[in-house]
Amino acid sequence: MKLSKPLATNDSQKCLDLNASDILSAPITQSQTTSVMNESLTRTNSIPLLDQSAAEVSTATFEITTSKNESQIIGDRSAQPFEEIPGPAVLKIWEKYWKFVPLFGTQLFSSLLINRFTQGRLSWNRNVTPLKYLFNEYGCIVRINGPLSGDIVMIHRPEHIAEVFKQEGDTPLRSGIDILQHYRLNYRKYRLAGAFSLQGSEWLELREKVEQEFEQIASNFFDRIDAICDELINRIYKIRNRQNEVPATFHEDLLRWGMECFCNLTFNKHLGFLESAGYNSTSETSRIVNAMMVAHKYMSRCETGFQVWRFFLTPFARKLFDACDVLDGVIGKYVRHAQNKLRSRSPQDVEGGSPVLEKFLLNEGIRPDDLCTLLMDMMILGVQATVNSEAFLLYYLARNPRTQRKIYDEIVSVLPSSDSPFTEKTVRNMPYLKACLQESLRLRPAVPYITRLLPKTISLHGYTIPKGTFVIMANQITSQREENFEDPEKFRPERWLNSKKEDTDFSYLPFGYGARSCLGKNMAEAKMMLLTAKLIRQFRIEYDYADIKSSFMMVNVPNKPLRFRFVDRN
């Protein structure tokens, strides 16, 4: 059966002329759908989680093969049919225009179509506002009916999100990033599309191989992270002006801090991202940072609008591929160095303080090329998520001086002397600092949406949701609803003190959930808490400009420069 039937409308339920691709596009081929029923996806056509600033249309029609034994509906057997779920209508004319995309193939063409069919009633503006609009317009469950790519269901209530996670099992299917898969499989001719794009049992096997190392990585290298935080503090002293304000490029300094931590933890190398020589435009560190920023920018742009790069290499795709080539070359170099070292060492010599990279290479289940793609995903997505989360945390603290003072008092109570060193134990013994991190992640989670492909037919809010439906869980909207958090728009870390909320419901999911949750959660939290503690003990952080909100570029990114003032406390 097909999941692309048009919605019925009546007088009480007016529908916007809005394409499903304005919200999120999810191209799924028929061959993929068949494999989904067998609980695995082909990596070359996984479902993308995209920036919703422009529309995309796929040539594929989402069909689900039926069998004699239909899957049992999870939930209420008296649920209303799927077609009754409210949502905006979609003009079938998109299908007519799709064949001309390779000829016109520009973002301009895409924008003209969107403007024509939405009549300017819904501006995406690279944030979550349109999803809020749809929930407010149609209710807590919204169906986007696509003429080409199958239907999409969007939810935000914790109990609905819980129901989706409850039945996903050990091998959940989520969205991938099409352009990175295309780069690896078609451009570089790799065997696999990358860890982020793995699905089903393949992802589960990889997770089991690397999860233990990720859990230990922060503890083993805590002293190194502490030293890198000191380097950033020294950098702040150098770049702030007479008003103690850092330049508008401070986000790059945070990115260099994140990359130095990453390279120390994985390559066992200190590359000097924050050193004066590292800022030279010809240095390896500057090449890496520039490639990171370009890759992040054009990955987001290539994942929006019509994916014309499937037909020919577009300028945006070329810039992304060039940036990825730089990162791939750097990663490959250090992987080869680690391989050469291991040839003269026994596996027993690698135990203890050896870098994670060498331990991964000794794992017979991880091939070197698979490791390269894993590390690139960690750079482009993981490091960016950590850095931007830290940026939002510093912003909220700068906007709340009383909260900042409470953190300082907590630090002094644990470390009375200004020379007392931070340790993993002392940082973990700062509950108010942890509460501030949780509150910042509630307001600005790294990824504002979680996606799943339903492996079973379920019932949500009185509606039947068929097996194979693509579900978007708007976790950022969930955590900003009054019914889930009192005064949800306010930064109130106190709500997390002595609270078990994150363990009891699904209104707070900053790192995802289950088998597809973030592998680097503990590592990211340790780095952010340590850097924040050291900055607060050294400085009073202020911000005097317009409110900073978020832009969605695969992860939440501050939409304004981080022009903080770092005022000495002593």
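Everything numeric here is computed off the predicted structure, so don't read it as measured data. (Residues numbered from 1 in each chain as written. Predicted model: local features only at pLDDT ≥ 70, side-chain atom pairs only at ≥ 80, totals over all residues. Heavy atoms only, no water.)

### Topic: the side chain of Lys534
Along the chain, Lys534 turns up in helix H21 (residues 521–538). Excluding anything up to four places from it in sequence, Lys534 contacts Asp226, Cys229, Asp230, Ile233 and Phe422. (Helix = DSSP H or I, 4+ residues; strand = E, 2+ residues; numbered from the N terminus. Contact = heavy atoms within 4.5 Å.)

### Some thoughts on the UniProt feature "binding site: heme" (unreviewed entry) in the protein
In the UniProt entry, the feature "binding site: heme" (unreviewed entry) is given for Cys518. Looking at the secondary structure, you find Cys518 in the loop between helix H20 (501–504) and H21. (UniProt positions renumbered as here; feature names shortened; annotations may be inferred.)

### Some details on H21
Between its terminal C-alpha atoms H21 stretches 26 Å, which fits the 26 Å expected from 18 residues at 1.5 Å a residue. Along H21, 15 of the 18 residues are buried, which leaves the element largely enclosed by surrounding structure. (Expected span 1.5 Å × (residues − 1). Buried < 20%, exposed > 50% of the residue type's maximum accessible area, 1.4 Å probe, protein only.)

### Let's talk about the packing of aromatic side chains
Under the counting rule described, the total for this entry stands at 22 aromatic pairs. Summarising the aromatic geometry, the rings of Tyr449 and Phe552 are spaced 5.3 Å apart at their centres and angled 85° between planes, so their arrangement reads as edge-to-face. Remark: Phe552 occurs in strand S8 (residues 550–553) and Tyr449 occurs in the loop between helix H18 (431–443) and strand S3 (450–453); sequence separation between them is 103 residues. Residue classification places Tyr449 among the buried positions, given a relative accessible area of 2%. The buried category is assigned to Phe552, whose relative accessible area is 2%. Here the aromatic residues Tyr237, Phe250, Tyr395, Tyr396, Phe491, Phe539, Tyr543, Tyr545, Phe564 and Phe566 are joined through ring pairs into a cluster of three or more. The side chain of Arg235 reaches across the aromatic face of Tyr279, ending 3.7 Å from its centre. Positioned over the ring face of Phe485 is Arg442, at 5.0 Å from the centre of the ring. (Phe/Tyr/Trp six-rings, centres within 6.5 Å; stacked < 30°, edge-to-face > 60°. Lys NZ or Arg CZ within 6 Å of the ring centre and 35° of its normal.)

### A short note on the environment of Val412
You can see Val412 is positioned in helix H16 (residues 401–414). Separated by 125 residues in sequence, Val412 and Arg537 have C-alpha atoms that sit 8.1 Å apart.

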